[in-house]
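Structural overview for review
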Amino acid sequence: MGSHRFFIKQVGQAPETIRFPGDIAHQIRNVLRLKPDDVVVVMDGEGRAFQVRLTVVAEQETIGKVIEIGEVRSAAPALLHLFFPLSKRDKVEWILQKGTEVGVNAFHPFISERSLVQTPEMNDKRTTRWEAIIREAAEQSGRGRLPDLAQAGSFENAIQTAANANDLILAAWVGEQQGGMQASLAHVKSRMGDQKTPPSIALFIGPEGGFSDREIDHLKAEGAHTVSLGANILRMETAAIVFPALVLYELGSSDPLK
Ligand code: SAM
């Protein structure tokens, strides 16, 4: 398959041609300077990959012909849902970009007692920008599937979402003295060979000021395991990347980037 990859959602069931949207057309023509007959890969974000030969690369439109349809297989040992507090814009954008590179499957921003940002402040422009950051990071790092971005919500909603949709909830907590990561993952690890789909794991990171006692109690009441990320206190945005990387490593990913 060609080396340049682009995510385009809703390409249709069995497309014969693909018309590239404006931002990707710009990248193809002006940034990568690709020409007709060059081959690129288009992914629909749901696991299908199309090998596409460019037929028209012009200012008005960029079109390609689908020459092969394939599936993207994931070697990831777990589906990771990262729950993190809303914070300054640059921190959130860093988490979305680096988290996508490391292997996060879904991002769930939340507002908690001590989160720097106390209102969701989500608007169409911001959502579009954050989705574009995820898409570009996924293209750059060779991810086959596009990570989801959930609407920002309350901490309580985040816990409920995590409890409803995941096999395990882990919360990074600086008060955890036992380490806890290996023991918490042992059960999931022992069942991995028997299951057809990888386990889904929710990872919670606290805000700059940490989780409150009430929030830790709430997490534990929903079955969350508290884990340490090591002896040093990491910044919230560092913890948000180290945490999924450690979990993937511990579960033995042969290819954590997919
Ligand atoms: N003083 C804060 C506290 O008491 O939690 C420090 C917060 S830390 C800057 C931000 C978040 O990163 C924490 O809430 C926790 O989720 C995570 N974190 C950072 N370092 C950690 C560590 N060594 N072990 C576990 N979690 C850590």
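Rules of the game
Residues numbered from 1 in each chain as written. Predicted model: local features only at pLDDT ≥ 70, side-chain atom pairs only at ≥ 80, totals over all residues. Heavy atoms only, no water. Helix = DSSP H or I, 4+ residues; strand = E, 2+ residues; numbered from the N terminus. Rg over C-alpha atoms; globule rule 2.2 N^0.38 Å. Buried < 20%, exposed > 50% of the residue type's maximum accessible area, 1.4 Å probe, protein only. Contact = heavy atoms within 4.5 Å. Areas by Shrake-Rupley, 256 points an atom, 1.4 Å probe, with all protein chains shown as cover. Domains from an automatic or database assignment. Buried area = accessible area lost by both parts, 1.4 Å probe. Salt bridge = Lys/Arg side-chain N within 4 Å of Asp/Glu carboxyl O. Nonpolar A, V, L, I, M, F, W, Y, C, P; charged D, E, K, R; others polar. Pairing = 2+ DSSP bridges. Axes fitted to C-alpha atoms, helices over the stretch in contact; angles between N-to-C directions. Near = heavy atom within 4 Å. Polar contact = N/O pair within 3.5 Å; in protein donor to acceptor, adjacent residues only side chain to side chain. 1 Å grid on protein atoms, 1.4 Å probe; cavity = no way out; pocket = protein on both sides within 12 Å on 5 of 7 lines; lining within 4 Å. Sits in = over half its atoms within 2 Å of the grid points. Phe/Tyr/Trp six-rings, centres within 6.5 Å; stacked < 30°, edge-to-face > 60°.

1. As for the overall build of the chain
If you tally the helices and strands in the chain, you get seven helices and 12 strands. Taking 258 residues into account, the globule formula puts the C-alpha radius of gyration at 18 Å, and the chain, at 20 Å, falls close to it. By principal-axis analysis of the C-alpha atoms, the chain measures approximately 60 × 40 × 30 Å. Within the span of the chain, comprising 258 residues, buried residues form 49% of the whole. Considering only contacts in the chain between residues 6 or more positions apart, those separated by 24 or more positions represent 74%. Accessible surface for the chain amounts to roughly 13200 Å². Of this, 47% is attributable to carbon and sulfur atoms.

2. Regarding the domain arrangement of the chain
Partitioning the chain into structural domains gives domain 1 (5-71) and domain 2 (79-252). Domain 1 and domain 2 are separated by 32 Å when their C-alpha centres are compared. Counting residues at the interface gives 11 residues for domain 1 and eight residues for domain 2. Sorting the residues of domain 1 by area buried against domain 2 places Arg5, Phe7 and Gly45 first, and these three jointly supply 59% of that buried surface. Across the domain 1-domain 2 interface, the total number found is one salt bridge. Of the residues in the side of domain 1 that touches domain 2, the class split is four nonpolar, three polar and four charged.

3. Topic: the side chain of Ser112
By the element assignment, Ser112 lies in the loop between β7 (106-111) and α3 (124-141). Overall, the relative accessible area of 4% leaves Ser112 in the buried class. If we ignore the near neighbours within four places in the chain, the residues touching Ser112 are Gln118, Phe155, Pro207 and Glu215.

4. What about the sheet that holds strand β3 (residues 39-43)?
The five strands lie next to each other as β1-β3-β4-β5-β2, forming an open sheet whose pairing is mixed. A strand with exactly one partner marks an edge of an open sheet, and here the two such strands are β1 (5-7) and β2 (17-19). On average, each strand axis in the sheet is inclined to that of its neighbour by 40°, with strand direction left out of account. Note that β1 and β3 share three bridges and pair parallel. Note on β3: the bridge partner recorded for Arg5 is Val41.

5. Considering the site of the ligand
The immediate surroundings of the ligand are formed by 19 residues, with Ala172, Gly206, Leu229, Gly230 and Asn232 found nearest. Within the backbone of Leu229, an N or O atom sits 2.8 Å from a nitrogen atom of the ligand. Within the backbone of Gly230, a nitrogen or oxygen atom sits 2.9 Å from a nitrogen atom of the ligand. Coverage of the ligand by the protein amounts to 83% of the 560 Å² it exposes when considered alone. Judged by its atoms lying within 2 Å of the grid points, the ligand is housed in the second largest pocket. For the shell around the ligand, the class distribution of residues is 12 nonpolar, six polar and one charged.

6. Here we look at the packing of aromatic side chains
When we look at a pair of aromatic rings, we describe it by the centre distance and by the angle of the planes. In the structure shown here, the tally under the stated rule is six aromatic pairs. Centre to centre, the rings of Phe6 and Phe20 are 6.4 Å apart; their planes meet at 80°, and the pair counts as edge-to-face. With Phe6 in strand β1 and Phe20 in the loop between β2 and α1 (22-31), this pair connects stretches of sequence that are 14 residues apart. Assigned by exposure class, Phe6 and Phe20 land together as buried.

7. Some thoughts on the pattern of salt bridges
Going through the model one piece at a time under the given rule, you end up with 12 salt bridges. Ionic pairing is found between Arg19 and Glu61, a salt bridge with its closest N-O pair at 2.6 Å. Here Arg19, found in strand β2, pairs with Glu61, found in the loop between β4 (48-57) and β5 (62-71); they are 42 residues apart in sequence, far enough to count as distant. Judged by relative accessible area, which is 55%, Arg19 ranks as exposed. Through salt bridges with shared partners, one network takes in Asp23, Arg135 and Glu139.

8. Some remarks on unusual backbone geometry
The phi torsion at Gln10 lies on the positive side, around 55°, for a residue other than glycine. Take Gln10: it is sitting in the loop between β1 and β2. Residue Asp37 is not a glycine yet carries a positive backbone phi of 90°. Along the chain, Asp37 turns up in the loop between α1 and β3.

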